[in-house]
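Breakdown of the fold
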Amino acid sequence: MAVWIQAQQLQGDALHQMQSLYGQHFPIEVRHYLSQWIEGQLWDVIDLENPQEEFKAKRLLDSLIQELQNKAEHQVGEDGFLLKIKLGHYASQLKSTYDRCPLELVRCIKHILYTEQRLVREATNSSSPVGGMMDSMSQKYQQINQAFEELRLMTQDTENDLRKLQHNQEYFIIQYQESLRIQAQLTSLATLPPADRQLREPALLSKRATVESWLTREANTLQKYRLDLAEKHQKTLQLLRKQQTIILDDELIQWKRRQQLAGNGGPPEGGLDILQSWCEKLAETIWQNRQQIRRAEHLRQQLPIPGPIEELLNELNSTITDIISALVTSTFIIEKQPPQVLKTQTKFAATVRLLVGGKLNVHMNPPQVKATIISEQQAKALLKNENTRNDSSGEILNNNCVMEYHQTTGTLSAHFRNMSLKRIKRSDRRGAESVTEEKFTILFESQFSVGGNELVFQVKTLSLPVVVIVHGSQDNNATATVLWDNAFAEPGRVPFLVPDKVLWPQLCDAINMKYKAEVQSNRGLSEENLVFLAQKAFSISSNNPDDYRNMTMTWSQFNRESLPGRNFTFWQWFDGVMELTKKHLKPHWNDGAILGFVNKQQAQDMLMSKPNGTFLLRFSDSEIGGITIAWVAENPNKAGERMVWNLMPYTTKDFSIRSLADRISDLNHLLFLYPDRPKDEVFSKYYTPPLSKAVDGYVKPQIKQVVPEFATANPDPASGNPTYMDHGASPAPVSHPHTYGIYPPMSDSMLDADGDFDLDDTMDVARHVEELLRRPVESQWGGQQS
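Keep in mind that this is a model prediction, so the values were computed, not measured. (Residues numbered from 1 in each chain as written. Predicted model: local features only at pLDDT ≥ 70, side-chain atom pairs only at ≥ 80, totals over all residues. Heavy atoms only, no water.)

Things to note about the overall build of the protein chain
A tally of regular secondary structure across the protein chain gives 23 helices and 19 strands. Scored against the burial criterion, the 786 residues of the protein chain give a buried share of 46%. Contacts spanning at least 24 positions in sequence make up 69% of the contacts within the protein chain whose residues lie at least 6 apart. (Helix = DSSP H or I, 4+ residues; strand = E, 2+ residues; numbered from the N terminus. Buried < 20%, exposed > 50% of the residue type's maximum accessible area, 1.4 Å probe, protein only. Contact = heavy atoms within 4.5 Å.)

Okay, structure coming up:
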């Protein structure tokens, strides 16, 4: 169903929110009459931060205006005449508004569509039993909205009381002036003759007594009104503080946590529109109450009455200032984090945003934001309010940016697009810590004035920890530091403390999240995969997942200490698997063709029960970023005996020459992918198409993979057993698909001690032949062609 149809069915606060999206910048009538066209355009493909996209936005603006004009021309009848005029007016209005800034139109419509979809989704979820989590979220949102309604009513009530107090005080002052006038008249009687004085004095004394009695009584009433109003303000501020704590300490912190996990490949943190709307409501309510308290203070100064009200008002004023200060400083956030692995001399970007900027009119005097890089120790000192003497740990180019206000979305943000870390100053490291374990952070700071410089705030916010590298070879270990920090950092920690050890299931969640994100696959790590990884991490052979649930893994085990018998760590091995899968094996992983996380003994146990020619793909235990083919076949040295063979692992270097699917296609002794799927059924859609005939006198080179020890003559897949040819010399690596020699004796240098084949020499010959075949035909074949 179209979003606009559903949006029109919204009710209550949701309908009010939807209606508030429209106005002079984009009339609701345009949304209504062009709903189908608007929802059919590709607004999301336009990058709002790229000025070069402006021509696309201009094209959409022109199309929108044309659609409006077409709609207007087709209106008939009396009502149609008025609508025709109105739509024509809107077309002219939109053209004049956005013709010079078409990207703002795209920003506006994207914001409208996103908000409508959210409101419809929330309304749908609240009216249907979808799930406990959505129900609880809707319930939480409802509680927040109810608290805002309560605050609105309380603020309206204190506003009414304040007006009543002001009216009564004004009347009191009038009566007080009357008492002064009576006193002046009594004083003037002294100049009159005694007879006249005795005639007029009693009436004036009586009138003075009446007025003074009223003034005394009314002064007590005014004092009570002031105390009652102060008590009401105290209750409002209590609820305000509670509501602000929920939004800033719960909702905003959760958003920041989701942002941190998104750095590990978790789901996107989500937009800030809901949070901004809540923060703006807070700002509006706080400011209204602050103005009320200031007016009450003004009334007290205008008519001082002895009592505790002065102290109460001072306390209220201090409290409301603390509340708004906390709101402004907490809502200065990093919307787009800088890269957490930061390479020197490389351009990077970040975006900071003030969620209450539009509501407090901060943009009337656009603030400037500065970015600096500081160390972990400097970040600790900063949070303790210690004097850091504006120290930095490096130099960032293009580190100043002015915040811009976007009228259509109401967002105030600064987009740093071209920052670059020119140099870094490292601290003295001790022990086993390396440069890739040293954490820095980007500090963003600015100064905002609120209420016409009435309040000035110094604001600062720290990015997620960043690890600075100078060479791509450091990326692997730097990513490990970032992964561990993002996964296991506690909210409100001292920068940048993380636990030294975590439970194995916690680490499994983190690496599974990272794996799916890097490989861009919905197929994550299965329980069997995680058991394999646990066996590798802890050097234990148990296949029972429960045996690992209470085990802990330290940072040193993760990426400081090498695995037993290897020269690399657990993380380095796992990261190599991710890189290889991401670059070359993603479709096969998604198809389930790669078992991957299987050791050599497990592969042997699985294959020995299958027919000859059955194979599987597993990640190499001995090499970073390697995958090997294991298959079952006859033992050439012992008739009637079968054994499992393993090719030397393929790496990225190998797949840059020939893909995995083509390599499997080349090897005719591979028949069935474990457990029993014909290999062509699984891999044929990834085979490289056959080469075309020679063109312009050149023959295109062709590389084929051959394992000389396993050469078959047109095997029959149905038989499950390849037919071995008679003994003969091993062929060159480039040959016809079915012309192979057979295996040499076991002592051949191609085999390692475990029955693995080393293809390095073979591939060197292949590259040499490829180079020969690239030469013109005339040099190869005696000039048969010109």
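Back to the write-up after that little detour.
Looking at helix H13 (residues 475-488)
For H13, built from 14 residues, the straight-helix expectation of 20 Å at 1.5 Å per residue is met to within 8% by its first-to-last C-alpha distance of 20 Å. When you tally the buried positions in H13, you get twelve out of 14 residues, the bulk of the element. (Expected span 1.5 Å × (residues − 1).)

Focus: the pattern of salt bridges
Throughout the structure, instances matching the rule amount to 41 salt bridges. Salt-bridge contacts for Lys460 lead to Glu445; the nearest nitrogen and oxygen are separated by 2.8 Å. Here the residue Lys460 occupies a position in strand E10 (residues 455-462), and Glu445 occupies one in strand E9 (residues 440-450), the gap between them amounting to 15 residues. Linked through salt bridges whose partners overlap, the residues forming this network are Lys514, Glu518, Glu579, Lys582 and Lys583. (Salt bridge = Lys/Arg side-chain N within 4 Å of Asp/Glu carboxyl O.)

Section: the confidence of the model for the protein chain
In this model, the protein chain carries an average pLDDT of 83, and 87% of its residues clear a pLDDT of 70 or more. This model gives residues 128-134 a pLDDT under 50, and the stretch forms three contacts once residues within four places in sequence are excluded. Throughout residues 775-786 the model reports pLDDT below 50, and contacts reaching past four residues in sequence, or to other chains, amount to ten contacts. (pLDDT = per-residue confidence, 0-100.)

As for the environment of Lys586
Residue position: Lys586 is located in helix H17 (residues 570-590). Judged by relative accessible area, Lys586 falls into the partly exposed class, the value being 26%. The spatial distance from the C-alpha of Lys586 to the C-alpha of Gln520 is 7.9 Å, given a sequence separation of 66 residues. When sequence neighbours within four positions are dropped, the list of residues in contact with Lys586 reads Val519, Gln520 and Thr581.

Digging into the packing of helix H9 (residues 194-262) against H13
Two numbers describe how H9 lies on H13: the axes approach to 8 Å, and their chain directions differ by 150°. Between H9 and H13, the angle is such that the two are roughly antiparallel. In the packing of H9 onto H13, the handedness of the crossing is left-handed. Across the interface between the two elements, Arg257, Gln260 and Leu261 of H9 pack against Asp485, Asn486, Ala487 and Phe488 of H13. The residue makeup of the contact of H9 with H13, split by class, is three nonpolar, two polar and two charged. (Axes fitted to C-alpha atoms, helices over the stretch in contact; angles between N-to-C directions. Parallel < 35°, antiparallel > 145°, perpendicular 65-115°, else oblique. Left-handed = near helix turned anticlockwise from the far one by under 90°. Nonpolar A, V, L, I, M, F, W, Y, C, P; charged D, E, K, R; others polar.)

Quick word on unusual backbone geometry
Most peptide bonds take the trans configuration, and most residues that are not glycine carry a negative phi. Residue Phe496 is bonded to the preceding Pro495 through a cis peptide linkage, with omega at -20°. Residue position: Phe496 is located in the loop between H13 and strand E12 (501-503). Of note, the amide linkage connecting Tyr674 to Pro675 takes the cis form, showing an omega dihedral of 5°. Position of Pro675 relative to the elements: it lies in the loop between strand E17 (672-673) and strand E18 (677-678). Although it is not a glycine, Gln345 adopts a positive phi angle of roughly 60°. Note that Gln345 resides in the loop between strand E2 (341-343) and strand E3 (347-354).

Focus on the nonpolar core
The biggest cluster of nonpolar side chains holds 81 residues, and the ones touching the most others in it are Ile247, Val328, Phe332, Leu354, Ile373, Phe416 and Phe444. With 15 residues, H9 is the single largest residue contributor to this core. Each of domain 2 (134-324) and domain 3 (340-355 + 364-425 + 432-470) gives at least three residues to this core. The residues contacting Phe416, other than those within four sequence positions of it, are Phe348, Ala349, Ala350, Val352, Val369, Ala371, Asn398, Asn399, Asn400, Cys401 and Phe444. Among the nonpolar cores identified, the runner-up in size contains 60 residues, and Leu533, Met553, Leu660 and Leu673 belong to it. (Core = buried A, V, L, I, M, F, W, Y, C linked by side-chain atoms within 4.5 Å. Domains from an automatic or database assignment.)

Concerning the packing of aromatic side chains
Tallied over the entire structure, the rule returns 27 aromatic pairs. A centroid spacing of 6.3 Å and a plane angle of 70° characterise the contact between Trp504 and Phe570, whose relative ring orientation is edge-to-face. Here Trp504 is found in helix H14 (residues 504-519), whereas its partner Phe570 is found in helix H17, with 66 residues between them in sequence. The same class applies to Trp504 and to Phe570, which are both buried. We note Arg523 situated over the ring of Trp589; from NZ or CZ to the ring centre the distance is 3.6 Å. The positively charged end of Lys536 is found above the aromatic ring belonging to Trp573, 4.4 Å away from the centroid. (Phe/Tyr/Trp six-rings, centres within 6.5 Å; stacked < 30°, edge-to-face > 60°. Lys NZ or Arg CZ within 6 Å of the ring centre and 35° of its normal.)

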